[in-house]
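# Chains, contacts and geometry: an overview
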Amino acid sequence: ENRPIPEPGPNEVLLRMHSVGICGSDVHYWQHGRIGDFVVKNPMVLGHEASGTVVKVGSGVTHLKPGDRVAIEPGVPREMDEFCKTGRYNLSPTIFFCATPPDDGNLCRYYKHSASYCYKLPDNVTFEEGALIEPLSVGIHACRRAGVTLGSKVFVSGSGPIGLVNVLVAKMMGAAAVVITDLSASRLEKAKEVGADFTLQVKNETPQEVAAKVESLLGCMPEITVECTGVQACIQAGIYATRSGGTLVLVGLGSEMVTVPIVNAAVREVDIRGIFRYCNTWPVAIALLSSKRINVKPLVTHRFPLEKALEAFETTKRGEGVKVMLKCDPTDHNP
């Protein structure tokens with residue numbers, strides 16, 4: 001639908017949107033109208049993996065000017081609460097977040113956003129790389145929470161876009177070996193392409209059998225497991241696979257109630273940690289992309305103009321490719 005071009009407030013910028021990636025959560029809202037406690041009650045614009053060009057700045061904005069290319073961090077705290085004060089603003093209960101009800105996302109031609117959460121892109125970083133900082137940030141936050149470091153042995157469960165960015169980041173942070181599992185052979189091929197050392201196609205093994213195969217591939221049990229599916233059997237396999245004293249980070253979200261071998265984790269001192277989105281990751285991601293230390297370009301497999309958004313969403317829903325990009329600027333469809 002046609003909507004008026006928004007007017008930026010004093011601390012906001014108006015952006016001409018360029019590239020917006022489709023996330024599994026966007027598809028989920030479109031299909032189911034809710035994720036957990038977040039329920040779509042009114043029409044909502046989707047899209048939160050995005051980049052664009054500044055066309056207008058609010059009166060209080062000094063670090064950006066029209067013409068600047070920026071990546072958008074979609075989560076903006078509305079108040080300086082205890083979580084913001086400790087640097088964990090992603091946990092603020094009143095945070096604004098693109099495409100999480102009732103907040104509109106940025107899958108549109110023009111969009112206004114808090115200037116502090118728009119990050120200038122260096123000339124050698126493309127708009128698509130800028131949009132991919134959002135999923136990449138999930139990998140950075142998860143690997144930080146997991147404590148990935150020099151020589152870590154890491155097991156990544158699930159080879160969708162989030163599993164793949166965790167492979168990229170874990171390797172970047174010094175992991176010596178990364179093994180990744182998935183049902184799909186083509187997704188595991190992509191994981192190999194982005195740097196996974198071992199891939200394991202899961203068929204109908206029990207969680208214990210998956211754990212045993214991970215151990216035999218690595219030559220030891222991994223100190224760190226990053227679970228990116230949210231599937232009960234995969235979480236169970238993650239617990240069984242993780243070395244005693246190690247860490248399991250739960251990234252994927254599935255059903256609210258999950259049966260897991262918690263006593264197995266407890267008696268072996270396996271720490272189970274959750275993550276909620278990310279915080280303080282955009283500057284790091286931009287530095288990694290600009291210095292060419294990390295390459296996210298292979299993640300983009302499909303591109304559609306904004307007019308074909310429905311087709312793009314159908315493609316994502318069918319699980320084709322890896323990352324589907326929508327191009328919002330009719331005059332520029334370049335990456």
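Residues numbered from 1 in each chain as written. Predicted model: local features only at pLDDT ≥ 70, side-chain atom pairs only at ≥ 80, totals over all residues. Heavy atoms only, no water.

### Concerning the overall build of the chain
- Tallying secondary structure elements over the chain gives ten helices and 17 strands in all.
- Here the C-alpha radius of gyration of the chain, 20 Å, is about what a compact globule of 335 residues would show, namely 20 Å.
- When its C-alpha atoms are laid out on the principal axes, the chain stretches across 55 × 40 × 40 Å.
- By residue count, 53% of the 335 residues in the chain fall in the buried class.
- Counted over contacts in the chain with a minimum sequence separation of 6, partners at least 24 positions apart contribute 68%. (Helix = DSSP H or I, 4+ residues; strand = E, 2+ residues; numbered from the N terminus. Rg over C-alpha atoms; globule rule 2.2 N^0.38 Å. Buried < 20%, exposed > 50% of the residue type's maximum accessible area, 1.4 Å probe, protein only. Contact = heavy atoms within 4.5 Å.)

### Considerations on the nonpolar core
- If you look at the biggest cluster of nonpolar residues, it comprises 85 residues, and the most contacted ones within it are Leu15 and Val154.
- Residues lining this core come from more than one domain, with at least three contributed by each of domain 1 (12-120 + 296-327) and domain 2 (140-274).
- Beyond its immediate sequence surroundings of up to four residues, leucine 15 is in contact with Thr53, Val54, Val55, Val70, Ile72, Arg109, Tyr110, Tyr111, His113 and Cys118.
- Core analysis: the second largest hydrophobic core is formed by twelve residues, Val179, Val210, Leu218 and Ala237 among them. (Core = buried A, V, L, I, M, F, W, Y, C linked by side-chain atoms within 4.5 Å. Domains from an automatic or database assignment.)

### A few points about the packing of aromatic side chains
- Here the structure, examined in full by the defined rule, presents five aromatic pairs.
- Consider the rings of phenylalanine 97 and tyrosine 278, whose centres lie 6.5 Å apart with planes at 40°: the pair is tilted. Highlighted residues: phenylalanine 97 in strand β7 (residues 96-97) and tyrosine 278 in the loop between β15 (271-274) and α9 (282-290), separated in sequence by 181 residues.
- Classification of phenylalanine 97 by relative accessible area gives buried; the value is 5%. (Phe/Tyr/Trp six-rings, centres within 6.5 Å; stacked < 30°, edge-to-face > 60°.)

### Topic: the environment of phenylalanine 304
- Among the structural elements, phenylalanine 304 can be located in strand β16 (residues 300-305).
- Overall, phenylalanine 304 belongs to the buried group, its relative accessible area being 9%.
- Sequence separation of phenylalanine 304 and proline 6 is 298 residues, and the distance between their C-alpha atoms is 24 Å.
- Excluding residues within four positions of it along the chain, phenylalanine 304 makes contact with Glu311, Ala312, Thr315, Val324, Met325, Leu326 and Lys327.

### Points about the domain arrangement of the chain
- Segmenting the chain into domains produces domain 1 (12-120 + 296-327) and domain 2 (140-274).
- Averaged C-alpha coordinates put domain 1 and domain 2 at centres separated by 27 Å.
- On the domain 2 side, the residues contacting the ten residues of domain 1 number ten residues.
- When domain 1 packs against domain 2, close to 720 Å² is buried across both sides, 66% of that on carbon and sulfur atoms.
- On the domain 1 side of the interface with domain 2, the three residues burying the most area are Pro298, Leu299 and Val322, jointly 59% of the side's total. (Buried area = accessible area lost by both parts, 1.4 Å probe.)

### So, unusual backbone geometry
- Residue proline 102 is bonded to the preceding proline 101 through a cis peptide linkage, with omega at 0°.
- You will see that alanine 99, though not glycine, has its phi angle at about 65°, which is positive.
- Relative to the helices and strands, alanine 99 is located in the loop between β7 and β8 (110-114).
- A positive phi angle is found at glutamate 269, which is not glycine, with a value near 55°.
- Of note, glutamate 269 is situated in the loop between α8 (262-267) and β15.
- Glutamate 269 gets classed as exposed once you look at its relative accessible area, which sits at 59%.

### Comments concerning the packing of helix α1 (residues 24-32) against helix α10 (residues 309-317)
- Between α1 and α10, the shortest axis-to-axis distance is 10 Å and the interhelical angle comes to 100°. Between α1 and α10, the interaxial angle falls into the category roughly perpendicular. Facing α1, whose interface residues are Asp26, Val27, Trp30 and Gln31, α10 presents Leu310, Phe313, Glu314, Thr316 and Lys317.
- Residue composition of the contact of α1 with α10, grouped by class: four nonpolar, two polar and three charged. (Axes fitted to C-alpha atoms, helices over the stretch in contact; angles between N-to-C directions. Parallel < 35°, antiparallel > 145°, perpendicular 65-115°, else oblique. Nonpolar A, V, L, I, M, F, W, Y, C, P; charged D, E, K, R; others polar.)

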